[in-house]
Amino acid sequence: MVPFHLAEADWLAAVRERVNPMPQPPAIVFNSHITGLAVARSLGRRGIPIIALDREAGGYGLASRYVTVAGRCPNVLADEDAFIATLVRLGQTLTQRGVLYPTNDEWVLAVNRHRAALDPYVTIPFSGPEIVEPILDKSQLYRTAAERGIPIPRTWYLDDSDPAALAAELPYPCILKPTEQRSFYEAFGVKVWQIESPEELQQRLAQVAGHGVVIQEIIGQGLSDFYSVCPYIGRDGTSHGVFVGRKLEQYPPDFGTGCLVQAAWVEEIARQGEQILTAFGYQGIAEVEFIYDARDNTHKLLDVNTRVWKWIGLPIAAGVDLPWLAYTDALGTPAPVGPPRDNVIWTYAKDYLTLRLAGYGQASSTFVPEAAWAEILTGRGEHFIDAIIDPDDPEPAARMMQGVVQSRTYYCAC
C-alpha cells in the first residue's frame with residue numbers, strides 16, 4: 001500500500017520522486033473514496049500515475065495499489081482558497097500537466113471557479129462554470145429540457161407562483177428539492193423532502209428561505225424505474241461513448257444512493273441524455289438521471305451530475321471506460337470505444353448487505369445470488385463486480401472491513 005502523506009511537503013516530494021519520472025501525465029483524483037477508487041483502478045491499470053488526494057486519511061481509494069502518491073489536501077468546503085493553492089503547488093511540481101478528476105460537486109465547482117489559476121498547470125476535462133452551473137441549477141435544467149421536448153416530471157417553480165395558492169393545488173405527496181443540491185444538503189442533511197400536506201409545504205418553505213427550490217410530482221413505481229445515461233462528451237462536442245444503467249437498490253432506503261445497479265441499455269434515453277448535455281454545450285463525463293413513468297410510457301429527466309459518480313465502476317466494467325475516454329481526449333488522442341455490455345451488475349457490498357440485514361430491499365429478484373459473491377471474491381467473473389472488493393487490489397476492502405469492525409465512518413456525499 002502506498003504511504004499516505006499528511007504533510008503537503010512530503011507528498012509533493014513523493015510526486016517529484018515517483019510521478020515525474022513516469023512517461024505518462026498523471027491523473028489527479030479527489031476525493032479518494034468509492035468513486036476515486038474506481039477512477040484510480042481504471043487508469044492505474046493502464047500504467048497512468050495516480051495522485052490521490054483527500055481531506056482525511058480514511059478514503060478507500062487511498063489504499064489502492066494503483067495509487068502512485070496519496071496525500072492530504074484541505075477541505076474545499078472549509079477553505080476553498082487553500083485547496084486551490086494546493087492544486088497550484090502540485091501543478092508547479094509536476095513536469096507534465098496532470099488531468100483532474102473531481103468526484104463531488106463541491107470539488108467541481110471550486111475547480112471551475114479558479115480555472116484561470118489552474119489552467120497553466122493542469123488539464124480540466126470538463127466545461128467551465130458558465131456551462132456547468134446552469135446544468136446543476138435544477139430550475140434552469142428543467143426549463144431547458146422542456147424547451148427541447150425532453151420529458152420531465154410535472155414541476156412547479158416558486159419564482160413564478162404564489163406559495164399559498166400553489167400549496168392548495170399541488171398533488172400530495174410531492175417532492176420539494178433544491179435547485180442547487182450541495183448547499184441544501186450541508187444545511188439540512190437531506191437531498192430532498194417528501195411533502196405530505198399544504199401545511200407541511202408552508203413549514204418547509206419557511207425553513208428553506210434563502211435556498212432555491214422547485215416542487216415536483218412523484219412518479220415511478222419503484223427503484224428499478226430509475227435509469228442513468230452516462231456519456232463522455234468530447235472536446236469536439238460529440239459523444240465518445242455512452243452507457244445506461246438502472247438502479248436496483250439504494251442505501252439509505254429513502255432518497256439514498258445506489259448500492260446495486262445494473263447495465264440496462266435504453267436507446268431512447270441514451271439519446272435524450274446526450275441531447276440535454278449538448279443543448280447546454282457541455283463537455284466532459286456526466287450522469288444524466290431519468291425515471292420511467294408508466295402512465296405515458298416515457299422516461300423523464302430528473303438530474304444531471306457533471307462529474308464521475310459513485311458507481312462509475314459499472315460502465316468501466318461494461319466496456320465504456322469513461323475516465324479513460326476523458327484522459328485520452330485531454331491528451332488529444334481520443335480512444336475508440338464499442339457498445340456497452342448489458343446485464344453487468346455493480347454492488348457496494350457494505351451498503352447492500354446493511355440494507356438487507358435491516359429488512360429492506362425491493363424484491364427477491366434483486367437479491368445477489370451466492371454465485372455472484374463467488375465471482376466478486378475471486379475476481380473471475382464478468383457479470384458481477386463490487387465497488388471495493390477486488391482480489392487484484394485487496395487493500396481497499398481490508399480498509400473497509402477495518403472500518404466496519406472499529407465502527408469508523410468516512411463521510412462521502414457521492
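Residues numbered from 1 in each chain as written. Predicted model: local features only at pLDDT ≥ 70, side-chain atom pairs only at ≥ 80, totals over all residues. Heavy atoms only, no water.

(A) Structural view of the overall build of the chain. Along its length, the chain carries 16 helices and 18 strands. A compact globule built from 414 residues would reach a C-alpha radius of gyration of about 22 Å, and the chain, at 21 Å, matches this within 12%. Dimensions of the chain along its principal axes, counting C-alpha atoms only, are 65 × 50 × 45 Å. By residue count, 57% of the 414 residues in the chain fall in the buried class. A separation threshold of at least 6 residues defines the contact pool for the chain, and within that pool the share at least 24 residues apart is 66%. Accessible surface computed for the chain: about 16,600 Å², of which carbon and sulfur atoms make up 52%. Positive and negative side-chain charges of the chain, numbering 34 and 49 respectively, have mean locations separated by a distance of 5 Å. (Helix = DSSP H or I, 4+ residues; strand = E, 2+ residues; numbered from the N terminus. Rg over C-alpha atoms; globule rule 2.2 N^0.38 Å. Buried < 20%, exposed > 50% of the residue type's maximum accessible area, 1.4 Å probe, protein only. Contact = heavy atoms within 4.5 Å. Areas by Shrake-Rupley, 256 points an atom, 1.4 Å probe, with all protein chains shown as cover. Lys, Arg positive; Asp, Glu negative; His and termini not counted. Charge placed at Lys NZ, Arg CZ, Asp CG, Glu CD.)

(B) Representation of the packing of aromatic side chains in the model. As enumerated under the stated definition, the model contains 10 aromatic pairs in all. Consider the rings of Trp-309 and Trp-311, whose centres lie 5.4 Å apart with planes at 90°: the pair is edge-to-face. In this structure Trp-309 comes out as buried when scored by relative accessible area, which is 2%. Members of the aromatic cluster, each reached through a chain of ring pairs, are Phe-30, Phe-83 and Trp-107. (Phe/Tyr/Trp six-rings, centres within 6.5 Å; stacked < 30°, edge-to-face > 60°.)

(C) Spatial organisation of the side chain of Lys-300. Position of Lys-300 among the secondary structure elements: in strand S16 (residues 298-305). The residues touching Lys-300, leaving out its near neighbours within four places in the chain, are Pro-151, Ile-152, Pro-153, Ile-219, Glu-289, Phe-290, Ile-291 and Asp-293.

(D) Region of interest: the side chain of Asp-105. Structurally, the position occupied by Asp-105 is in helix H4 (residues 105-113). If sequence neighbours within four positions are ignored, Asp-105 has contacts with Leu-136, Asn-305 and Arg-307.

(E) Structural view of the packing of helix H7 (residues 138-147) against helix H11 (residues 267-280). Running from N to C, H7 and H11 point in directions that differ by 110°, and their axes come no closer than 11 Å. On the basis of their axis angle, the class for H7 and H11 is roughly perpendicular. Note on element contacts: H11 touches H7 through Ile-276, Ala-279 and Phe-280, opposite Gln-140, Leu-141, Thr-144 and Ala-145. (Axes fitted to C-alpha atoms, helices over the stretch in contact; angles between N-to-C directions. Parallel < 35°, antiparallel > 145°, perpendicular 65-115°, else oblique.)

(F) Representation of unusual backbone geometry within the structure. Here Tyr-172 and Pro-173 are connected by a cis peptide whose omega angle stands at 0°. Assignment of secondary structure puts Pro-173 in the loop between helix H8 (163-169) and strand S8 (174-178). The amide bond that connects Tyr-251 to the next residue, Pro-252, takes the cis arrangement and shows omega of -10°. By the secondary structure assignment, Pro-252 is in the loop between strand S12 (239-251) and strand S13 (257-263). Although it is not a glycine, Asn-343 sits at a positive phi angle of roughly 70°.

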